[in-house]
Amino acid sequence: MTQPRSTDESPRRSFWGWGHEDGGLDATERDALRMMMEARLGVAGLSELAAPRLEDLRMPAPRITVPSALAAILSQDRYERAAHTYGKAFRDIVRGLEGDFTAAPDAVALPSNEDDLRRVLDFCAENSFAAIPYGGGSSVVGGVEARRDGRFDGAVSIDLRGFDQVLEIDRTSRAARIQGGVLGPAIEEALRPHNLSLRHYPQSFEFSSLGGWIATRAGGHYATLHTHIDDFVESVRVVTPSGVLATKRFPGSGAGPAPERLFLGSEGALGVITEAWMRVQERPRFRASATARFVDFRRGAEAARQIVQAGLHPQNCRLLDGGEALNTGAGDGSRSLLLLGFESADHGLDPWMERALAIARGLGGEVKEGAGVTRETGEGAREGEAGTWRSMFLKGPYLRDALTRLGMIVETFESAVTWDRFDAFHAGVLEATTRAATEVCGSAVVTSRLTHVYPDGAAPYFTVIAPGKASGRVAQWDEIKIAASEAILAHGGTITHHHAVGRDHRPFYDRERPDLFARALGAAKSALDPQGIMNPGVLV
Ligand SMILES: Cc1cc2nc3c(=O)[nH]c(=O)nc-3n(C[C@H](O)[C@H](O)[C@H](O)COP(=O)(O)OP(=O)(O)OC[C@H]3O[C@@H](n4cnc5c(N)ncnc54)[C@H](O)[C@@H]3O)c2cc1C
């Protein structure tokens, strides 16, 4: 059978881990990491799992016969099926390393226009196949995984990489029309010649797409104010099984519930986002950054609260606890670090930074003399502890894969909670997670940071590193995650601030949302997707 385009792209994406097949840490770096982890966890003799080989994977034969009319769009190539089986959560990486691809989709669709896409959706609807939109495949909540529960006779993963253009730029209104499958770096590359930027940088930026960001309400690098992709979406165009829905562009509108908002966080369950008009910005010229060190994490959190409640809106206002600072090399573990950064395309930032640092100092924060002065080089935010943290942040996914190969359990989870509950929430979730991880694994390091802060609350983020037992690491992690999720709900937090619901958070999401809202969402799904083929198992 002729295979659709792009199966021979080089370098190819890894079918089990982060990045390209030839990316990741080299053997020397992995060895250094092993020694560091042995010392940190007080364990010896960690051995490394080999990377899986395509020919060894356990993958069922496809249940779908591709009709000749769709042969140019639907692939059943082994690599494509493997690469579209999972997202990139720890439990996905482990199953990939173990060669378990029993959840592989029966076919991968590679449409490059809306006609192709409609034909794929019609084919799925006529034959009772699940249709699962796939952007960058960086979901960490089981968002792109076909679960074989017998409800459908097959599953088609719909890869949007053919929707890869920035179509139009409206310089006057400062907005851009961008297709759903464009990955982060390509968006910035297309906007740079116009001195514009979307400035949405999730950690997964390199391998996640505009459509995926909108469908999951992704959180980017703005720690305050424009925290989610939501704030940049002007209008969307969505291909649903019931037809095409395109919303109008307005800078703001009070005309009833906003239709484009229905698709923010729709997780592929209502249709495929093929394009969106996005609000873009001038590229920043002025930057100011500084770090305040706190003996007590809670004093740092209090400083973050006062800074954001003062209306200062720093782009970076990330508070790392001592362990997190140590993990990323930004500190020695004895202090919590509040990383502060302001940026602007228009003006110097000294008054804002001075006020933020005065608040931090007032709460006992130690700040280096002369820190935080505005620079026009654009490099300010990349120096010092902030720079060290940022480079480790970008390396994080590769380190995570290397640690997983060493038999570790290494995963993150996040939430948001109002300030009035913050202290109890933070202590309670940390305690419940550390207890569960220690019970399951014998020892564990659980660290935390604040990724985003609001006038009324904060988004805490937790990292768990523990030596997994030889087999059953997915079940071990699931046990820890359930304990953490129960603590999150018990202390008034949301099951996710930006990672989305997917299949993994579904039971907790169902407890969080009002029943009547669930029914209303179900009714919207019935209108847009009457046969329920769109990403079944998420949200509805
Ligand atoms: C190492 C790492 C770091 C991460 N850091 C962040 C972070 O900083 N902030 C953050 O918010 N998230 C983060 N994530 C999670 C993930 O990157 C985000 O959820 C991201 O928005 C997913 O985009 P994607 O293109 O990869 O979507 P996918 O993983 O392909 O899909 C995610 C969901 O969106 C649906 N979908 C995808 N494209 C479309 C479309 N065009 N139309 C309709 N539905 C669609 C899918 O069906 C699925 O339900 C991280 C993940 C990893 C692995």
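The structure presented is a predicted model; accordingly, all values stated were derived computationally and were not measured.

A. Structural detail: the overall build of the protein. Per the secondary structure count, the protein includes 14 helices and 19 strands. Against the globule reference of 24 Å for 540 residues, the protein gives a C-alpha radius of gyration of 23 Å, in line with a compact fold. Dimensions of the protein, computed from the C-alpha atoms along their principal axes, are close to 70 × 60 × 45 Å. Relative to its 540 residues, the protein shows a buried fraction of 57%. Here the protein contributes 61 positive and 70 negative side-chain charges, whose respective centroids are spaced 1 Å apart.

B. Just the sheet that holds strand β2 (residues 107–109), in detail. The mixed open sheet is built from 4 strands, whose spatial order is β1-β2-β4-β3. Edge positions in the open sheet fall to β1 (74–75) and β3 (129–134), since each of these has one partner strand only. Bridge count between β2 and strand β4 (residues 154–159): 3 bridges; the pairing is parallel. Opposite Ala107, over in β4, you have Val156 as the bridge partner. Packing of helix α4 (residues 114–127) onto the sheet brings it into contact with β1, β2, β3 and β4, and relative to β3 it is tilted by some 150 degrees.

C. Structural detail: the packing of helix α11 (residues 419–441) against helix α12 (residues 473–490). Look at α11 against α12: their axes get within 9 Å of each other, and the N-to-C directions meet at 160 degrees. Classified by the interaxial angle, the pair formed by α11 and α12 is roughly antiparallel. In the packing of α11 onto α12, the handedness of the crossing is right-handed. Side by side, α11 and α12 meet where Phe425, Gly428, Val429, Ala432, Thr433, Ala436, Ala437, Val440 and Cys441 of the first sit next to Gln476, Glu479, Ile480, Ala483, Ala484, Ala487 and Ile488 of the second. Among the residues forming the contact of α11 with α12, the class breakdown is 12 nonpolar, 3 polar and 1 charged.

D. Up close: the pattern of salt bridges. Summed over the entire model, instances satisfying the criterion amount to 40 salt bridges. When the shortest N-O distance is used, the salt bridge between Arg147 and Asp504 registers 3.0 Å. One end of the pair, Arg147, is in the loop between β3 and β4; the other, Asp504, is in the loop between α12 and α13 (506–512), with 357 residues separating them in the sequence. We classify Arg147 as partly exposed; its relative accessible area is 37%.

E. Examining the side chain of Glu414 more closely. Relative to the elements of secondary structure, Glu414 occurs in strand β16 (residues 408–414). A distance of 2.8 Å separates a polar atom in the side chain of Glu414 from the backbone nitrogen of His497. At 2.7 Å, the side chain of Glu414 and the backbone nitrogen of His498 are in polar contact. For Glu414, the residues in contact, after removing those within four places along its chain, are Pro460, Tyr461, Ile488, Thr494, Ile495, Thr496, His497, His498 and His499.

F. Expanded view of the domain arrangement of the protein. Its domain assignment divides the protein into domain 1 (60–92 + 104–283 + 500–540) and domain 2 (286–490). One C-alpha centre belongs to domain 1, the other to domain 2, and the line joining them spans 28 Å. Counting from both sides, the interface comprises 22 residues of domain 1 and, opposite them, 34 residues of domain 2. At the boundary of domain 1 with domain 2, total buried surface from both sides reaches about 2,400 Å², with 54% on carbon and sulfur atoms. Run the count over domain 1 and domain 2 and you get 3 salt bridges.

G. View of the site of the ligand. Around the ligand there are 35 residues in total, and Pro133, Gly135, Ser138, Ser204 and Ser209 lie nearest to it. Interatomic distance of 2.8 Å between a backbone N/O atom of Gly137 and an oxygen atom of the ligand. Relative to its unbound accessible area of 970 Å², the ligand is 96% covered by the protein chains. For the shell around the ligand, the elements supplying multiple residues, two or more each, are β3, α6 (210–216) and β10 (272–279). Here the element with the most residues in the shell around the ligand is α6; it accounts for 5 residues. Its residues placed into classes, the shell around the ligand shows 14 nonpolar, 19 polar and 2 charged.

H. Structural context of the packing of aromatic side chains. Under the counting rule described, the total for this entry stands at 9 aromatic pairs. A centroid spacing of 5.5 Å and a plane angle of 85 degrees characterise the contact between Trp18 and Phe207, whose relative ring orientation is edge-to-face. Here Phe207 lies in the loop between β7 (196–197) and α6 and Trp18 lies in the segment before α1 (27–41), a separation of 189 residues in the sequence. The residues Trp18 and Phe207 share a single accessibility class, namely buried. Feature note: the residues Phe15, Tyr86 and Phe101 constitute an aromatic cluster, connected by ring pairs. It is Arg12 that lies over the ring of Tyr79; its NZ or CZ is 3.8 Å from the centre. Of note, Arg249 hangs over the ring of Trp277, and the distance from its end group to the ring centre comes to 3.8 Å.

How each quantity is defined
- Per chain, residues are indexed from 1 in the order of the written sequence.
- Side-chain atom pairs in this predicted model are given and counted only at pLDDT of 80 or more, local residue features only at pLDDT of at least 70, and totals for whole chains, interfaces and linings cover all residues.
- The side-chain numbers reported here are obtained from all heavy atoms of the structure, hydrogens and water having been left aside.
- Here a helix means four or more residues in a row that DSSP labels H or I, a strand means two or more in a row labelled E, and each is numbered from the N terminus.
- All radius of gyration figures rest on C-alpha atoms, and the globule criterion is 2.2 Å times the number of residues raised to 0.38.
- Using a 1.4 Å probe on the protein chains alone, a residue whose accessible area is under 20% of its type maximum counts as buried, one over 50% counts as exposed, and one in between counts as partly exposed.
- Lys and Arg are tallied as positive, Asp and Glu as negative. Neither His nor the chain termini are counted.
- Taken as the charge centre is NZ of Lys, CZ of Arg, CG of Asp or CD of Glu, depending on the residue.
- Strand pairing is defined by DSSP finding a minimum of two bridges between the two strands.
- Throughout, a contact is declared for two residues whenever any of their heavy atoms are within 4.5 Å.
- Under this scheme, a helix contributes an axis fitted over its contacting stretch, all axes are lines through C-alpha atoms, and angles between N-to-C directions fall in the 0 to 180 degree range.
- In this scheme, roughly parallel covers angles under 35 degrees and roughly antiparallel covers those over 145, while 65 to 115 is roughly perpendicular and the rest are oblique.
- Whether a crossing is left-handed or right-handed is set by the direction in which the near helix is turned from the far one by less than a right angle, anticlockwise for left-handed and clockwise for right-handed.
- Gly counts as polar in this scheme, as do all residues outside two lists: the nonpolar Ala, Val, Leu, Ile, Met, Phe, Trp, Tyr, Cys and Pro, and the charged Asp, Glu, Lys and Arg.
- The salt bridge definition used is simple: a Lys or Arg side-chain nitrogen within 4 Å of an Asp or Glu carboxyl oxygen.
- Polar contacts, as used here, are pairs of N or O atoms within 3.5 Å; protein pairs need one atom able to donate a hydrogen and one able to accept it. Residues neighboring in sequence count only if both atoms are side-chain atoms.
- Here the bounds of each domain stem from an automatic or database domain assignment.
- Defined in terms of a 1.4 Å probe, buried area is the accessible area two parts forfeit on being brought together, summed over both.
- One heavy atom within 4 Å of a molecule or strand is enough for the residue carrying it to be called near that molecule or strand.
- Here, Shrake-Rupley sampling with a 1.4 Å probe gives the accessible areas, and only protein chains in the shown set may cover a residue.
- Aromatic pairs are defined between Phe, Tyr and Trp rings, using the six-membered ring for Trp, whenever the two ring centres lie within 6.5 Å; interplanar angles under 30 degrees are classed as stacked, those over 60 as edge-to-face, and all others as tilted.
- Over a ring means this: the NZ of a Lys or the CZ of an Arg is within 6 Å of the ring centre and within 35 degrees of the ring normal.

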